[in-house]
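Report on the structure
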Amino acid sequence: MSVTTPRGFRAAGVAAGLKASGGADVALVVNDGPDAGVAGVFTTNRVKAAPVLWSQQVVQGGVVRAVVLNSGGANACTGPAGFQDTHATAEHTAAALTSVSPRLILGAGEVAVCSTGLIGERLPMPKLLPGVSSAIRGLSRDGGLAAAEAIMTTDTRSKTTVARGSGWTVGGMAKGAGMLAPGMATMLCVLTTDAVAGPATLDEALRAATRVSFDRVDSDGCMSTNDTVLLLASGASGIEPTPAELAAAVTEACHDLAQQLVADAEGATKQVAIDVVGAANEDEAVEVGRTVARNNLVKTALFGNDPNWGRILAAVGTTAAAFEPDEVDVAVNGVWVCRGGAAAEDRSKVDLTGRDVTIRIDLHAGTSAATIWTNDLSHAYVHENSAYST
């Protein structure tokens, strides 16, 4: 259940001293081929971390043979020196890998770099680069789980997944627990497949998958500077699935990881699915769901086990979506507490004592639908994001 489940991949996770806790903080994923196709999607934040700017350039080349990731520092808002640190990391990784695996013979332009942690501080390169060397020495087919642990920040558990095709596989790992909003999340994600697929096919599959998974996660409305999702293909299975088959497996993997992100959201006591149906089009369904997901009055009501449908309806009313206020229906955990924009079933019938919550909003304005995944807003979230810097 990791990035090394597909054939052709090795990984490692080590402690380089970037984290004050002393935990693992440098991960490496290597594609041994025979292919080295890649696709990537990145944060849409205008403020982008140095590793995002670097990796965007690398992905345009269509070939990535290694991904080096670190927690313990975002390398964001660090200026030209921070970008040079990213470049130096890629150069060091390429040279060190080539020295121990001559058959790879890769350059810095085939190494993607990802970072996560505190914004605004340079990475301690005298620790990071030896950590990369240590990760290279530790590369193995069993290293996927260690790599997934090394990229954690405020995560309480590592996040991995596998989706299986007919004779080929997609594997993946992700990190993320806060700043989860569209354009993905404060998340790093590496997906791997041993299917035969070129960069264009990989890009199509990845964008189709993230559109209905990571881009539908909206934990706290905050967008990161470092979001990166990479899809690497080794071709080691020798099997070329159809584009639709590949997209389906990548979507399955991304959906699983997205649900794990929401389940581990900082301080959350509720995992919430907001199903918007009857919308005029999909974009409007997404807008309504996202607006409700970001509404602090709704989120705090859920934390207090209060099925306050009035707050939900008020949030829907702030959108530009097409609907008539006196035609909207709202259900919370299967109880239709609002019909036609007014009170319906007794709200006391709603059971919110469990962790899973489903809010269904029927706009009666069309046939389109979308789901947004979010969580409640708790005391623990406020504490975690105020007691110390993350």
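Residues numbered from 1 in each chain as written. Predicted model: local features only at pLDDT ≥ 70, side-chain atom pairs only at ≥ 80, totals over all residues. Heavy atoms only, no water.

For the chain, the name recorded in an unreviewed UniProt entry is Arginine biosynthesis bifunctional protein ArgJ, with Micromonospora inaquosa as its organism. Taken directly from UniProt, the Subunit (unreviewed entry) text for the chain runs: "Heterotetramer of two alpha and two beta chains." For the record of the chain, the UniProt heading Subcellular location (unreviewed entry) holds the text "Cytoplasm". (UniProt positions renumbered as here; feature names shortened; annotations may be inferred.)

In this section: the UniProt feature "binding site: substrate" (unreviewed entry) in the chain. UniProt marks Thr153, Lys175, Thr186, Glu266, Asn385 and Thr390 with the feature "binding site: substrate" (unreviewed entry), using the numbering shown here. Its location among the elements puts Lys175 in strand S7 (residues 169-175). Of the polar contacts made by the side chain of Lys175, one reaches the side chain of Thr116; its length is 3.0 Å. Residue placement: Asn385 occurs in the segment after helix H10 (379-384). Residue classification places Asn385 among the partly exposed residues on the basis of a relative accessible area of 34%. (Helix = DSSP H or I, 4+ residues; strand = E, 2+ residues; numbered from the N terminus. Polar contact = N/O pair within 3.5 Å; in protein donor to acceptor, adjacent residues only side chain to side chain. Buried < 20%, exposed > 50% of the residue type's maximum accessible area, 1.4 Å probe, protein only.)

Compared with the 32 Å implied by 1.5 Å per residue over 22 residues, the 33 Å span of helix H2 (residues 79-100) between its first and last C-alpha is a close match. Turning to H2, its buried residues are Gly82, Asp85, Thr86, Thr89, Ala90, Thr93, Ala94, Ala96 and Leu97. On its buried face, H2 is in contact with strand S2 (26-31), helix H1 (50-60), strand S4 (66-70), strand S5 (111-115) and helix H3 (125-137). (Expected span 1.5 Å × (residues − 1). Contact = heavy atoms within 4.5 Å.)

We now examine the pattern of salt bridges. In the structure shown here, the tally under the stated rule is 15 salt bridges. Linking Asp218 and Arg290 is a salt bridge whose minimum nitrogen-to-oxygen distance equals 3.1 Å. In this pair, Asp218 is assigned in the loop between helix H5 (199-211) and strand S9 (228-233) and Arg290 in helix H7 (residues 282-294), connecting sequence segments 72 residues apart. According to the relative accessible area criterion, Arg290 is buried, its value standing at 14%. Salt bridges linked by common partners bring Asp155, Arg157, Lys159 and Asp264 together as one network. (Salt bridge = Lys/Arg side-chain N within 4 Å of Asp/Glu carboxyl O.)

Turning next to the domain arrangement of the chain. Interface size, as often reported, equals the accessible area lost upon joining of the parts. When cut into domains, the chain gives domain 1 (9-263) and domain 2 (271-385). On a C-alpha basis, the centroid separation for the pair domain 1 and domain 2 is 33 Å. Residue-level contacts link 17 residues of domain 1 with 16 residues of domain 2. At the surface where domain 1 touches domain 2, the tally comes to 4 salt bridges. It is helix H6 (residues 243-263) that contributes the most residues to the side of domain 1 that touches domain 2, 4 residues altogether. (Domains from an automatic or database assignment.)

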